[in-house]
Amino acid sequence: MIDNFQRYFLVFSIFIFSYLLLINWNPPTQEESNSESTLNDSEYLPTNPTPGPDSFVDESSSFAESSNITSLICGTEETVEVSNENQKLEISLSNGQIIKSELLNYPLEINGQANTLLFNKCGKENYFLDGGFVVSGMSNAPEGNYFSVLSKSKDSVEIVRRLPNGSTHSKKISLGENFRINFDEEFFNGEVVEVSVAPYAKINRSSEKTISGSGGIFTQPSSWAYLGPAFSYDGENYDKRSFSEIEEVEFRTSTSGGWISMIQHYFLTSLLPNQSSNSLLQGKKNKNDGSFSVGFVEETKKVAPGASIKNEYAVYSGPKIKGNLDLMHPKLGLAIDYGFLYWIGQPIFWVMNLINQAISSWGWSIVLVTVLIKIFLWPLSYVAYKNMGKMRQLQPKLKELQERYGDDRQAMSREMMALYSKEKVNPALGCLPMLLQMPFFLAFYWVLIETVELRHAPFMFWIVDLSVRDPLFILPLLNMGAMYLMQLLQPQPAGVDPMQARIFKFMPIIFGVLFAFFPAGLVLYWLVNSLVSALQMLMHGPKKAA
C-alpha cells in the first residue's frame, strides 16, 4: 500500500523532469547529400505525374525558376523593398521571391538595434517565399528574363517578367494590417497555342533553429520550442508534421481552403491559398541542399492564346498573436500550440490576457491566474489538506506503532490500516494536491513558452523578461524556501525508508536548480502556487500533532 506523501512527491518530480527532457529532446540528424540533384527539385513541389485540365501539374513542366540562377551570389541580385509600420520586405527581381522579412517592432534583444528576421534566404535558414505559375506547353524558356518594377508605393509594388514569346508574369505584393501580405499574380499566355497552367506558392526553409541571445538548451526557450511545418485541410484543423516526418514520407493532400505554415518559437509564416479553389498541399525535403519546402499547387487549367490566369493568395508573416491569426483564418490560431493540454492552456491564456488588459502587467497576471487556479481547485484541495491535518494529529500514535512493531512490518502495516480506518483517514489522499497541480503546471509551461506577448515582458525590479530565466536566480531561491516550508507542514509517516526520506529533503534544492534555468514566468507561477498551498495547509490543520 502507498502510505506516504514523499513517494507521491518523488514520483511527481521524476515525472515532471522526465517529461521536460522528453519534449526538449532534439537529437542531431545526418543530412543526406545527392550530387546528382538539380535546382529544379528544390524549387518545385512534386505533384501528379500527368498534367491535365482536372489534375495537378508535374514539376518537370514548370517554367518559373528554370532560369540559370545558380550563378547568382546570395545578396548580390537586385531587389526592391516595401514596408509599413509592422514589417519590411525585400523582394528579389531575379525571381520574384521574398528573400527577407524584418519585423520592425520585435528586436532580437531588449533595447537591441537588430530586429527579428523571418524570411532570410541569405542566412543559414535559407528561408524564403516563392510563388507563381507552373506552365507546360510553352515554346520558349524564360532564361535571362528577370522582373522589372511597373509601379511602387511605400507598402506595395507591382513587378512583371516578360518572356520572349510574348507571355508575361505579373506580381503585385501589398502589405496589409496585422502582418498580412496580399499577393495578386497573373500569367498571360502570349503563345499561339493553348498551354497548361497551375498556380503555386511555397515556403522554403532549412531545419536550422535561430536562437537569439546566448546560452544553451535550458536558458533559451527558443531551443525548446517546435520548429517545422503544420497544415490545415479538409477533415484536419491542425496537422503538425515535423521535418523528420516529412523527410521520411512526403506530405500531400487535396483540400478546398486550409493553410500551410512554417512554425518557430513565437513566430510563424503561413500560406493561405484561395479559399474557394481546390489545392494540393505539399511538404517535401529538397535533395540539393537538405532544406524543406511546403506549399500549395492549384488545379491545372488550360489557358488559350491571349488569355490570362490569376493566382491570388495571402501570407501571414509575424508573431503568434491569436487575434491576428484568427483574422487570417478561423483555424490558424491553432498554430499557437499548447500541447496535449491545450484545453487547459487556452483558458489560462484567455484569463491572463483579460487581466493584463486591465492592469497592464503580465507578471501580476501570472500571479492572479495562479491564485484563481488554486481557488478553482480549492474544494478538492480542501479534502486532501483536511486529511493531511488529521495525519499530523495521528503522528504520536503512528510513532508508537513504529516503536511497538518496528521489526514486524507486516504487523505494523496491519495496525496502521486499522488506525486509519478507525480515524477515517486515507493516506492516499496525500497525492491529490500534486496530481491536481500537475496538468496546470504542464499547461502553464506551454502557455509561457508559446505566448509571444510575454517575450521581453518585464515584471518588477530585476525581472526584465518573463520569458527567460531569472538573471539573479532570486525567484528560484524563493521557490526553494517556499517548498521547504511545505515540507515542514507535511506529515511524516511512520516507517518511511531512510533513503527515501533523505531524497525528499533534497527535493527543494533539486527543484531550485532545475527551475533556475526555466522562464522566470514559470518559476513565478510555481512560487505563488507553493505559497498558496502552504497557506491552505496552515488553514486546514494544526501545525503540530495534538
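Per chain, the residues get numbers from 1 upward, laid out in the order the sequence is written. Under the rules for a predicted model, residues below a pLDDT of 70 receive no local features and side-chain atom pairs below 80 are neither given nor counted, while totals for whole chains, interfaces and linings still include all residues. Each side-chain value is worked out from all heavy atoms of the structure, with water and hydrogens disregarded.

Draft legend 1. Representation of unusual backbone geometry in the model. At Asn 126, a residue that is not glycine, the phi angle is positive and equals roughly 50 degrees. Owing to a relative accessible area of 17%, Asn 126 belongs among the buried residues under this scheme. The phi torsion at Asn 178 lies on the positive side, around 55 degrees, for a residue other than glycine. Secondary structure counts use DSSP, requiring at least four H or I residues in a row for a helix and at least two E residues in a row for a strand, with both numbered from the N terminus. Looking at the secondary structure, you find Asn 178 in the loop between strand 8 (168–175) and strand 9 (180–188). The buried label goes to any residue with under 20% of its type's maximum accessible area, the exposed label to any with over 50%, and the partly exposed label to all in between, with areas taken from a 1.4 Å probe on protein chains only. What makes Asn 178 partly exposed here is its relative accessible area of 29%.

Draft legend 2. Up close: the pattern of salt bridges. Whenever a carboxyl oxygen of Asp or Glu lies within 4 Å of a side-chain nitrogen of Lys or Arg, that contact is scored as a salt bridge. Tallied over the full model, the rule gives 7 salt bridges. Between Lys 285 and Glu 247 there is a salt bridge, with its nearest N and O atoms 2.9 Å apart. With Lys 285 in strand 16 (residues 278–285) and Glu 247 in helix 3 (residues 243–248), the pair connects residues that are 38 residues apart, well separated along the chain. In this structure Lys 285 comes out as buried when scored by relative accessible area, which is 10%. The partner of Lys 320 in a salt bridge is Glu 450, and the shortest N-O contact between them spans 3.2 Å. One end of the pair, Lys 320, is in the loop between strand 19 (308–319) and helix 4 (322–328); the other, Glu 450, is in helix 10 (residues 432–450), with 130 residues separating them in the sequence. Here Lys 320 matches Glu 450 in class, with each residue buried.

Draft legend 3. Structural detail: the packing of aromatic side chains. Two rings belonging to Phe, Tyr or Trp (six-membered ring only in the last case) form a pair when the distance between their centres is within 6.5 Å. Interplanar angles under 30 degrees mark stacking, angles over 60 mark edge-to-face geometry, and anything in between is tilted. Evaluation of the coordinates by the stated rule reveals 23 aromatic pairs. An angle of 90 degrees between the planes, with centres 5.6 Å apart, marks the rings of Tyr 106 and Phe 267 as edge-to-face. Of the two residues, Tyr 106 sits in strand 3 (residues 98–107) while Phe 267 sits in strand 15 (residues 267–272), which places them 161 residues apart along the sequence. The burial state of Tyr 106 is the same as that of Phe 267; both residues are buried. Considering the side-chain rings of Tyr 445 and Phe 518, the 6.3 Å spacing of their centres and the 55 degrees angle between planes classify their relative orientation as tilted. Here Phe 518 lies in the loop between helix 12 (498–515) and helix 13 (520–539) and Tyr 445 lies in helix 10, a separation of 73 residues in the sequence. Classification of Tyr 445 as buried rests on a relative accessible area of 2%. Since its relative accessible area comes to 2%, Phe 518 is described here as buried. In this structure an aromatic cluster arises from ring pairing among Phe 441, Phe 444, Tyr 445, Trp 446, Phe 511, Phe 515, Phe 518, Tyr 525 and Trp 526.

Draft legend 4. Structural view of the environment of Thr 210. If you trace the backbone, Thr 210 turns up in the loop between strand 10 (195–205) and strand 11 (228–233). Take Thr 210: its relative accessible area is 38%, and that puts it in the partly exposed class. Between the alpha carbons of Thr 210 and Thr 116 there is a distance of 9.9 Å; along the sequence they are 94 residues apart.

Take it as geometry only, folks, not as evidence of what the structure does.
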